[in-house]
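Structural overview for review
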Amino acid sequence: MILEAVMLQVKPGMEKEYESAFKEASTIISSMKGYISHELQRCLEVNGKYLLIVNWETLEDHTIGFRQSKEYLEWKKRLHHFYDPFPVVEHFEMVNLK
């Protein structure tokens, strides 16, 4: 499993509109091949700051399957205008500590 982690900064005053748009856009990402789960966390210390965590079966499910799909164009249309600066997406894998 791959964890996608994205720190998002939403433009001031657009937080409620963003959360509503994100809730609607969630149906897009959750319908994709290799999608496992996602959550959006709101920062308590910094207004407009969010953490998006998405679990994918493979890295390619996100980078190719989602990012190169027509569904991603709709995701982008609904959400990308809220961000300033544009977020950096990072991928992680579990470290076996046993």
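Described in the following lines is the structure provided in the data block. In this text, all values refer to a predicted model and were calculated from it rather than measured experimentally.

**Re the nonpolar core**
Counting residues in hydrophobic clusters, the biggest one holds 21 residues, and the most contacted among them are Tyr-18, Phe-66, Trp-75 and Leu-79. Elements with a minimum of two residues in this core: β1 (2–9), α1 (15–30), β3 (49–56) and α3 (70–79). If you tally residues by element for this core, the top one is α1, at six residues. In contact with Tyr-18, not counting residues within four places along its chain, are Leu-8, Val-10, Leu-40, Tyr-50, Leu-79, Phe-82 and Tyr-83.

**Section: the side chain of Asn-55**
By the secondary structure assignment, Asn-55 is in strand β3. The buried category is assigned to Asn-55, whose relative accessible area is 12%. Those residues in contact with Asn-55 that lie beyond four places of it in its chain are Met-1, Ile-2, Leu-3, Gly-34, Tyr-35, Ile-36 and Ser-37.

**Brief notes about the sheet that holds strand β2 (residues 35–42)**
Hydrogen bonds between backbone atoms are what pair the strands of a sheet, whose relative direction is either parallel or antiparallel. Here four strands make up an open sheet; going across it, the order is β2-β3-β1-β4 and the pairing antiparallel. Among the strands making up the open sheet, the edge pair consists of β2 and β4 (89–93). Strand-to-strand, the axes of this sheet are offset by a mean angle of 20 degrees, without reference to chain direction. In terms of strand pairing, β2 meets β3 through seven bridges, oriented antiparallel. Looking across to β3, one finds that Arg-42 is bridged to Tyr-50. Relative to β4, helix α2 (residues 59–66) is tilted by about 150 degrees, and along the sheet it contacts β1, β3 and β4.

**Here we look at the packing of α1 against α3**
Describing two packed helices takes the angle between their axes plus the distance from one axis to the other. The interhelical angle for the contact between α1 and α3, taken along N-to-C directions, is 175 degrees, at an axis separation of 9 Å. The orientation of α1 relative to α3 falls into the category roughly antiparallel. For the pair α1 and α3, the contacting residues are Tyr-18, Ala-21, Phe-22, Glu-24, Ala-25, Ser-26, Ile-28 and Ile-29 in the first and Glu-71, Glu-74, Trp-75, Arg-78 and Leu-79 in the second.

**So, the pattern of salt bridges**
This model, assessed by the stated rule, comprises four salt bridges. The partner of Glu-71 in a salt bridge is Lys-70, and the shortest N-O contact between them spans 3.2 Å. What makes Glu-71 partly exposed here is its relative accessible area of 27%. By relative accessible area, Lys-70 is classed as exposed at 64%. One salt bridge in this structure joins Glu-74 and Arg-78, with 2.9 Å as the shortest N-O distance. Here the residue Glu-74 and the residue Arg-78 both occupy positions in helix α3, the gap between them amounting to four residues, near one helical turn. Judged by relative accessible area, which is 28%, Glu-74 ranks as partly exposed. Classification of Arg-78 by relative accessible area gives partly exposed; the value is 30%.

The rules behind each value
- Residues numbered from 1 in each chain as written.
- Predicted model: local features only at pLDDT ≥ 70, side-chain atom pairs only at ≥ 80, totals over all residues.
- Heavy atoms only, no water.
- Core = buried A, V, L, I, M, F, W, Y, C linked by side-chain atoms within 4.5 Å.
- Buried < 20%, exposed > 50% of the residue type's maximum accessible area, 1.4 Å probe, protein only.
- Helix = DSSP H or I, 4+ residues; strand = E, 2+ residues; numbered from the N terminus.
- Contact = heavy atoms within 4.5 Å.
- Pairing = 2+ DSSP bridges.
- Axes fitted to C-alpha atoms, helices over the stretch in contact; angles between N-to-C directions.
- Parallel < 35°, antiparallel > 145°, perpendicular 65-115°, else oblique.
- Salt bridge = Lys/Arg side-chain N within 4 Å of Asp/Glu carboxyl O.

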